[in-house]
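Fold and geometry: a report
As a plain string of letters, each chain reads:
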Amino acid sequence: MNSLDKIDQQLIALLRHNARASVAILAARLGVSRGTVTNRLNKLEKRGVIVGYTVRLRPETETSGLRAWMGVAIEGNDARRVAASLLGEPSVLALHATNGRWDLLVELQVATLPELAHALERIRLIRGISNSETSIHLETLRAAPNAG
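Each value, and the rule that gives it
- Residues numbered from 1 in each chain as written.
- Predicted model: local features only at pLDDT ≥ 70, side-chain atom pairs only at ≥ 80, totals over all residues.
- Heavy atoms only, no water.
- Core = buried A, V, L, I, M, F, W, Y, C linked by side-chain atoms within 4.5 Å.
- Buried < 20%, exposed > 50% of the residue type's maximum accessible area, 1.4 Å probe, protein only.
- Helix = DSSP H or I, 4+ residues; strand = E, 2+ residues; numbered from the N terminus.
- Contact = heavy atoms within 4.5 Å.
- Pairing = 2+ DSSP bridges.
- Axes fitted to C-alpha atoms, helices over the stretch in contact; angles between N-to-C directions.
- Salt bridge = Lys/Arg side-chain N within 4 Å of Asp/Glu carboxyl O.
- Parallel < 35°, antiparallel > 145°, perpendicular 65-115°, else oblique.
- Nonpolar A, V, L, I, M, F, W, Y, C, P; charged D, E, K, R; others polar.
- Polar contact = N/O pair within 3.5 Å; in protein donor to acceptor, adjacent residues only side chain to side chain.

**Focus: the nonpolar core**
Buried together is how nonpolar side chains tend to be arranged in soluble globular proteins. Of all hydrophobic cores here, the largest spans 17 residues; its most connected members are Met70, Val72, Val82, Leu86, Val106, Leu108 and Ile123. Contributions of two or more residues to this core are made by strand S1 (66–74), helix H4 (79–87), strand S3 (104–110) and helix H5 (113–124). Beyond its immediate chain neighbours, meaning those up to four positions away, Leu108 contacts Leu66, Arg67, Ala68, Met70, Ser91, Val92, Leu93, Leu116, Leu120 and Ile123. In this structure, Leu4, Leu30, Leu41 and Leu44 belong to the second largest nonpolar core, which totals 13 residues.

Pasting the structure below:
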């Protein structure tokens, strides 16, 4: 489950946006053939990178799973490559560029603590990440009405 190339990362990002997108639409957006998309999806599923397809719910209707935030410090000028790798990570719900101590703020969503541990392990192996810190979301005390 080592590295994902640019097309795999873009494919996962498109699926994260709309997991119901057809192979034809995915192929057109990626600029590749439908066969290439089908083959890549099969390989990603077989390698365990894609473990399923799901529906996203509004945060206030979410009933299960864990959310966590990870601050990520990046070495040198690797921000674009690191961001592309993070966008290809199945547990990444959102990715934000920020200032201060961390270069990126990563919002993660997983089903279980062991799944979070595996996601953190994969993320920490991304070349260019020099440091990270993760906090688990325990409770939302207030959210904007249209947040999510």
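**Some thoughts on the sheet that holds S1**
Taken together, the 4 strands give an open sheet; going across it, the order is S2-S3-S1-S4, and neighbouring strands pair in antiparallel fashion. Only two strands of the sheet have a single partner each, and these edge strands are strand S2 (92–97) and strand S4 (129–136). Ignoring which end each strand starts from, the neighbouring axes of this sheet average 20° apart. Bridge analysis of S1 against S3 gives 7 bridges, and the strand direction is antiparallel. Residue pairing for S3: Met70 is matched across the bridge by Val106.

**Examining the pattern of salt bridges**
Per the counting criterion, the structure on display carries 6 salt bridges. Asp5 is paired through a salt bridge with Arg40; the nearest N and O atoms lie 2.9 Å apart. With Asp5 in the segment before helix H1 (6–17) and Arg40 in helix H3 (residues 34–46), this residue pair connects regions lying 35 residues apart in the sequence. Between Asp78 and Arg81 there is a salt bridge whose closest N-O contact spans 3.3 Å. The exposure class assigned to Arg81 is partly exposed, which follows from its relative accessible area of 28%.

**Regarding the packing of H1 against H3**
In the contact formed by H1 and H3, the axes pass within 11 Å of each other and the chain directions differ by 85°. Classified by the angle their axes make, H1 and H3 are roughly perpendicular. Within the contact between the two elements, H1 uses Ile7, Asp8, Leu11, Ile12 and Leu15 and H3 uses Val37, Arg40, Leu41 and Leu44. In terms of residue class, the contact of H1 with H3 is built from 7 nonpolar, no polar and 2 charged.

**Examining the pairing of S3**
Among the 7 residues in S3, 6 count as buried, and that is most of the element. Relative to S3, S2 runs antiparallel, the two sharing 5 bridges. Opposite Ala97, over in S3, you have Leu104 as the bridge partner. Where S2 folds back on S3, the antiparallel hairpin that results is connected by 6 residues, among which Gly100 adopts a positive phi of roughly 95°.

**Here's the deal with the side chain of Ser91**
Structurally, Ser91 is set in the loop between H4 and S2. There is a polar contact of 2.9 Å between the side chain of Ser91 and the side chain of Glu89. Contacts of Ser91, omitting those with residues within four sequence positions, involve Arg16, Glu107, Leu108, Gln109, Val110, Ala119, Arg122 and Ile123.

Any functional reading would require information beyond the geometric quantities listed.
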